[in-house]
Amino acid sequence: MNDVVQVPALKVVGQRPIRPDGADKVTGRANFGADLRLPGMLTGRVKRSPHAHARIVRIDTAAAAALPGVKAIVTAADFAELGNESVEHGEGAATLRDVALNCMARHKVLYAGHSVAAVAATSPEIADAALRLIEVEYEVLPHVIDVEEAMAADAPLLHADLFTKGVTPKPQSPSNVAEKTILGRGDVAKGFAQAERIVEGRYRTAPVHQGYLEPHACVASAGVDGQHHVWCSSQGHFAVRAMCSKILGIELRDIKVTPAEIGGGFGGKTTVYLEPVALALSLKCGRPVRLVMSRSETFEASGPTSGSVIDVKLGASRDGVITAAELTIKYQAGAFPGSPVGVACMAALACYSVENVAITGYDVVSNRPKVAAYRAPGAPMVAFAVESCLDELAMQLGIDPIDLRIRNAVKPGTKAVYGATFREIALIETLQAIKAHPHYTAPLGPNQGRGVACGFWFNVGGESSAAVHVDEDGGATVVSSNPDIGGSRAAMAMMAAETLGLPIERVRAIVADTTSIGFSATTGGSRVTFATGMAVVQAAEKVIADLKRRAGLIWECPVDQVEWREGVAHCLDASKEVKPLTLAEIAGRTGRTGGPISAEVSLNAQGAGPGFAVHVCDIELDPGTGRATVVRYTAAQDVGRAIHPSYVEGQIQGGVAQGVGWALNEGYVYNAAGVLENPSFLDYRVPVASDLPMIDTILVETAPNKRHPFGAKGVGEAPIVPPLAAVASALSHVVGSRLTELPLSPPRLLEAIEARKR
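Residues numbered from 1 in each chain as written. Predicted model: local features only at pLDDT ≥ 70, side-chain atom pairs only at ≥ 80, totals over all residues. Heavy atoms only, no water.

Visitor: I tried to follow the pattern of salt bridges on my own but got confused; where do I start?
Guide: All chains considered together, the criterion is met by 41 salt bridges. Among the ionic pairs, K269 bridges to E214, the shortest N-O distance being 3.2 Å. Of this pair, K269 sits in the loop between strand 14 (255-259) and helix 8 (275-285) while E214 is found in the loop between strand 11 (197-205) and strand 12 (217-222), placing the two residues 55 residues apart along the sequence. Judged by its relative accessible area of 1%, K269 is buried. (Salt bridge = Lys/Arg side-chain N within 4 Å of Asp/Glu carboxyl O. Helix = DSSP H or I, 4+ residues; strand = E, 2+ residues; numbered from the N terminus. Buried < 20%, exposed > 50% of the residue type's maximum accessible area, 1.4 Å probe, protein only.)

Visitor: Where do I start with the sheet that holds strand 16 (residues 308-316) in this structure?
Guide: The pairing of strands in a sheet happens through backbone hydrogen bonds and is either parallel or antiparallel. Read across the open sheet, the 5 strands follow the order 10-18-17-16-11; overall the sheet is mixed. Every other strand in the sheet has two partners, leaving strand 10 (177-185) and strand 11 as the edge strands with one partner each. Averaged over all pairs of adjacent strands, the angle between strand axes in this sheet comes to 10°, irrespective of strand direction. Bridge count for strand 10 against strand 18 (residues 357-365) is 8 bridges, and the pairing is antiparallel. The partner of K180 across the bridge, within strand 18, is Y362. The sheet contacts of helix 11 (residues 379-397) involve strand 11, strand 16 and strand 17 (322-334), and relative to strand 11 the element is tilted by about 145°. (Pairing = 2+ DSSP bridges. Axes fitted to C-alpha atoms, helices over the stretch in contact; angles between N-to-C directions. Contact = heavy atoms within 4.5 Å.)

Visitor: How should the pairing of strand 28 (residues 628-638) be read in this particular structure?
Guide: When a strand is regular, its side chains alternate between the sheet's two faces. Taken across its 11 residues, strand 28 has 8 buried, putting it largely inside the fold. Two strands pair when backbone bridges link them, and strand 27 (residues 611-621) and strand 28 are joined in this way by 10 bridges, in the antiparallel orientation. Each bridged residue has a counterpart across the sheet, and for D618 the counterpart in strand 28 is R632. Connecting strand 27 to the antiparallel partner strand 28 that follows it, the hairpin turn spans 6 residues, and G626 within it adopts a positive phi of roughly 80°. Note: strand 28 against strand 29 (residues 695-700), 6 bridges, orientation parallel. Residue Y633 lies in a different strand from strand 29, and its bridge partner there is I695.

So far we have only geometry, and geometry alone does not tell us how the molecule works.
Below, the structure is given as structure tokens:
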């Protein structure tokens, strides 16, 4: 069942047209990252380290280079040595040096799977043979995998030049702790002294991968004229262009990047792994090169999200008002700094109005692949900890878990711990929607438990460009600048159609390459419908202004006497006996009114409204096998205004599915040598359709974002935040003790059952 808390209907926005990319995808016609074929194209392969931590003593490529069919080999020697300049990197920033070193190791390898060399050959078989002929001599070093072990003073050191930021005075010795973040307000000691009930817990989560079905893939072709072309599966082709330019020392204007269709990303395709390598190979041999990761390479060498250890302490009055909160958050960054711990500190208590707060976060490097963004990066782990602790607090106080959250929920005008003042938000309405839903009071069966949790995501705006072109027959084409990973083409076309007054069938949307549209930031942070949508609407409004001007010319009527209404120009001057002009009629006279009708807008969108989600989950536990089965799930979300409700529901359902997998099954498993033991979908188990019930959704549209022309808020990330805690709390109620470590796999649940019996 999908419910909508409704707002006034428009003609197109809020409807459910057929998705524009659907037919090509279900018929196999869509071109993804590995589908491009170019004349003379070579196969690329990457040689990777078998060691978690080792010094590179020597790389000998002579035998591989002599193999017939091998056309190019690159190592770190073919990349520029870069400094600490920052570059756009998903939903944050990274240094160019770290991005380059992650693409190709120099001096040391920092995780099993780290790239050390790459080849381009005339066949996959020759490329694989060449990899075997490349000799790499290593000096194996001690490694560290666990986040707390990496923080120890005697831990193996990954970077001799890494000194902890955020500490005064500046440390004199390097450390694996890249940064310490402190956030808070009020007097925490006083808040706990006022508390009549205090709950504490330590919570652990494993690193999990985004699990996109399409692995990283690209084709690069270096032109003899100095113009180079890259086709790739990416969430941000402008970012790919920038990173390739810097890493390879090529002028930005000499690289053109075309986004392919993308078979899933969820934040994991906001950086580069293969693109600079493929282009370096192509530059050496003068032929196009295709690089595609295998599934095991995707797990071993592309970013999962952080594993974590989180300590939470909450104090509350007897009636459930939270008086104090204290958190210590430790996140794994992988081989290079940059975990989302800073964001986690900001998001941890964003759902609640708490006066006395102290949060400390640690960004910690270890011998794992560098983490990448994963859907609300950093928020699900800390929500697991905070929401689980809140569930424990509700039990101890004897208060309904929804009522406890309503009592402490933020509302319009509340100032968040991280400094923002909330405007149009509907967390309380979203909580009430779940409490009023039949699911919340439905009876539970034997060995079944129910869990509730809230989630938050900031949503962002940023730089975007878009254009609207009117066709000669009166249709329109929307050109956007962001890869479509969640339905943005449909949303862009719908907003343009609504603005222009056209039926959706008369509007098409395309995603342009880096030379065909102005710059745009990456598709991430739930920003595209808000920011790029704003650019689309403003471009359409420019087109309307031009259409009114042209209608005035045709009628010989002042433009201020022309009104545009539902796709038709109307003359307001009663003295003019003229008929209204449709867009098609005006488009048919462009040669006499000024030429083609077109407008482009570039902007830096501000004021993205945050999103809040509330989930309720019922789980059944088989006490004999430890298998947990989700039997019912309902998710409500403050969505502002749903542009295409089916896409919004799909985003919510997808986030739930990923969160349930994170809670129950998923997690990286390393052996004693620091090598990943489950780099495949056989051993790294994501949920499939048979693992989940139908996920009911409630779209709460009572607080549209006033900064957006149609009230849109980002919706793609908040849905993954609550499931970890909702699942864990439901199972905790079945087992009879608080479950604090994910994933809650059958062995771990059986262990909890046995511990409870003892």
